[in-house]
Amino acid sequence: MIDAGDLIGWYARAQRDLPWRRPGVSPWQILVSEFMLQQTPVARVEPIWLDWIARWPTPSATAAAGAADVLRAWGKLGYPRRAKRLHECATVIANDHDDLVPDDVETLLSLPGIGTYTARAVACFAFRQRVPVVDTNVRRVVARAVHGLPDAGSPSARDLADVAALLPDDETAPQFSVALMELGATVCTARSPRCGVCPLRQCAWRAKGFPAGAGPVRRTQRYAGTDRQVRGRLLDVLRGSTSPVTRAELDLAWTTDTAQRDRCLDSLLVDGLAEQTADGRFVLFGGAGEAGGADAQAVTAHSDSSAAEANRRR
Ligand code: SF4
C-alpha cells in the first residue's frame, strides 16, 4: 500500500512549478501539454507549450491554424506526428464538441491522437476525476513500493487495475495520481532513486534490501544515426524555409546514407508531415497552399501508392 496522506503532503511541499499545473489553465491547454509530454522531457516542452497556448489558446484557434504552421510551431519536440494528431484533435473538438474538451474517458478515447494514458490524464488533471493514470514513472513506483521489484517490466493490462486499487476513495484521488507521477519523475527515478528523501514510509523493494532484477539490462535508446534523426533533419530544412525547397537542398540534410535519407523522406510524405508541390519541390504538410501560385499545388501523399507517385516526381 502507499500512504495517500504521506504522498499528497510531500507533493504539496515538493511539486515542480510547471506552467500547465497553474490555476486558470484550461482543459484544452492541459491536453496540449499531455500531447507534448509524451516521450519528451519537461524542459523541452515548457517553452514550446507557452508559445503554443499564447498563440492558439483554444481548440478552435488551433483548428483554424494551417497544418504547416502547427508543424513549424512544434519545433524540435520530436515525434512530429503528434503535432498532426493534435491539430486533428482540435478540429474534432471545435466541430463536434462545441470547442470544449469532453470530460469523460470514453469520449476522450474517441478523439484523434488520444490513447489510454492521455484520456485518463486529461480526465484526472483537467476534470479532477478519480481515474487511474498510468505512465512509466507510475508503473516504476508501484513496482518498487508495492511489489518489491526493481522495475516494472513491460506494460500490461493489469497496470490500470493495480493503480486503481491504490487510489483513495475520496476527492483527493486526483492529487494522489499527480503526486505518484511526480514521485517517479523526480525521486524514484529509473537509474538513481533517492530513497533518502522519499516520502513513502513503506516500500517493498527497500524493505527487501533492493534486490536486483532477473531481467536483461535495458539499453538506452540510440538516437544518432536513426531514422528519427534523419526525419528530424529533413523537417528542420522544411521548417526553416518560408518557400518550397528543392530535392537538392533536402539532400544536404543527410549525406551519410542516401538510401536512408530517401526512405525517411518517403515516410514523411506517407505520414502526411511533408508534401510535394506540382513542380517537384517540398514543403511542410499544408504549406503548398501557403506557397501559392500555379506551380505550388500540393501532391500530397496519403498512402503508399500516392507517396510512390510523389517520389517519382522528384
Ligand atoms: S524508497 Fe526508494 S525505491 Fe522505494 S519508492 Fe521511495 S525512492 Fe522508490
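Residues numbered from 1 in each chain as written. Predicted model: local features only at pLDDT ≥ 70, side-chain atom pairs only at ≥ 80, totals over all residues.

Trainee: Just to check I follow, could you spell out unusual backbone geometry for this structure?
Mentor: Most peptide bonds are trans, and most residues other than glycine sit at a negative phi. Its identity as a non-glycine residue notwithstanding, Q39 has a phi of 60°, on the positive side. By the secondary structure assignment, Q39 is in the loop between α2 (27–37) and α3 (42–55). Residue classification places Q39 among the exposed residues on the basis of 11 C-beta atoms within 10 Å. Positive phi, normally seen in glycine, also occurs at D99, with a value near 70°. (Helix = DSSP H or I, 4+ residues; strand = E, 2+ residues; numbered from the N terminus. Buried ≥ 20, exposed ≤ 12 C-beta atoms within 10 Å, placed from the backbone.)

Trainee: How should the pairing of strand β1 (residues 274–277) be read in this particular structure?
Mentor: Looking down a regular strand, the side chains alternate between one sheet face and the other. Where β1 lies against strand β2 (residues 282–284), three bridges are found, and the strand directions are antiparallel. Among the inter-strand pairings, E275 is bridged to a residue of β2, identified as V283. Between the end of β1 and the start of β2, which pair antiparallel, lie four residues, with G280 showing a positive phi angle near 90°. (Pairing = 2+ DSSP bridges.)

Trainee: What should I look at first to understand α2 in this one?
Mentor: Count 3.6 residues to each turn of an α-helix, and residues three or four apart come out pointing the same way. In terms of residue burial, α2 counts as a mostly covered element, since nine of its 11 residues are buried. Among the residues of α2, W28, Q29, L31, V32, S33, E34, F35, M36 and L37 are the ones counted as buried. On its buried side, α2 packs onto α3, α4 (59–64), α6 (81–96) and α8 (116–125). Count one or two residues on from α2 and you reach Q39, which has phi positive near 60°. (Contact = placed C-beta atoms within 7 Å.)

Trainee: Please explain the site of the ligand as it appears in this structure.
Mentor: Around the ligand lies a shell formed by V141, R144, A145, V187, C188, P193, C195, C198, L200, C203, W205 and R206. At the level of secondary structure, the elements contributing two or more residues to the shell around the ligand comprise α9 (136–145) and α12 (204–207). Here the shell around the ligand gets three residues from one element, more than from any other, and that element is α9. Here the shell around the ligand is built from residues that sort into 10 nonpolar, no polar and two charged. (Near = placed C-beta within 6 Å. Nonpolar A, V, L, I, M, F, W, Y, C, P; charged D, E, K, R; others polar.)

Trainee: Any chance you could explain the packing of α9 against helix α11 (residues 173–186) here in plain terms?
Mentor: For any two helices packed against each other, the geometry comes down to the angle between their axes and how far apart the axes lie. The geometry of α9 relative to α11 is characterised by a closest axis approach of 8 Å and an angle of 85° between their N-to-C directions. One finds that α9 runs roughly perpendicular with respect to α11. Only L180, M181, L183, G184 and A185 of α11 make contact with α9, whose side of the interface consists of N137, V138, R140 and V141. Here the residues of the contact of α9 with α11 sort into six nonpolar, two polar and one charged. (Axes fitted to C-alpha atoms, helices over the stretch in contact; angles between N-to-C directions. Parallel < 35°, antiparallel > 145°, perpendicular 65-115°, else oblique.)

Trainee: So what exactly am I meant to see when it comes to the confidence of the model for the protein chain here?
Mentor: Detailed reading of the predicted model is not advised wherever pLDDT is low. Across the protein chain, the average pLDDT comes to 89, with 89% of residues at or above 70. Scored below 50 in pLDDT, residues 293–314 shows 40 contacts in the model against residues more than four places distant or in partner chains. (pLDDT = per-residue confidence, 0-100.)

Trainee: Could you clarify how one ought to interpret the environment of R44 in this entry?
Mentor: Within the fold, R44 resides in helix α3. Judged by local crowding, R44 falls into the partly exposed class, with 15 C-beta atoms found within 10 Å. Sequence spacing of R44 and L77 is 33 residues, and the spatial spacing of their C-alpha atoms is 6.9 Å.

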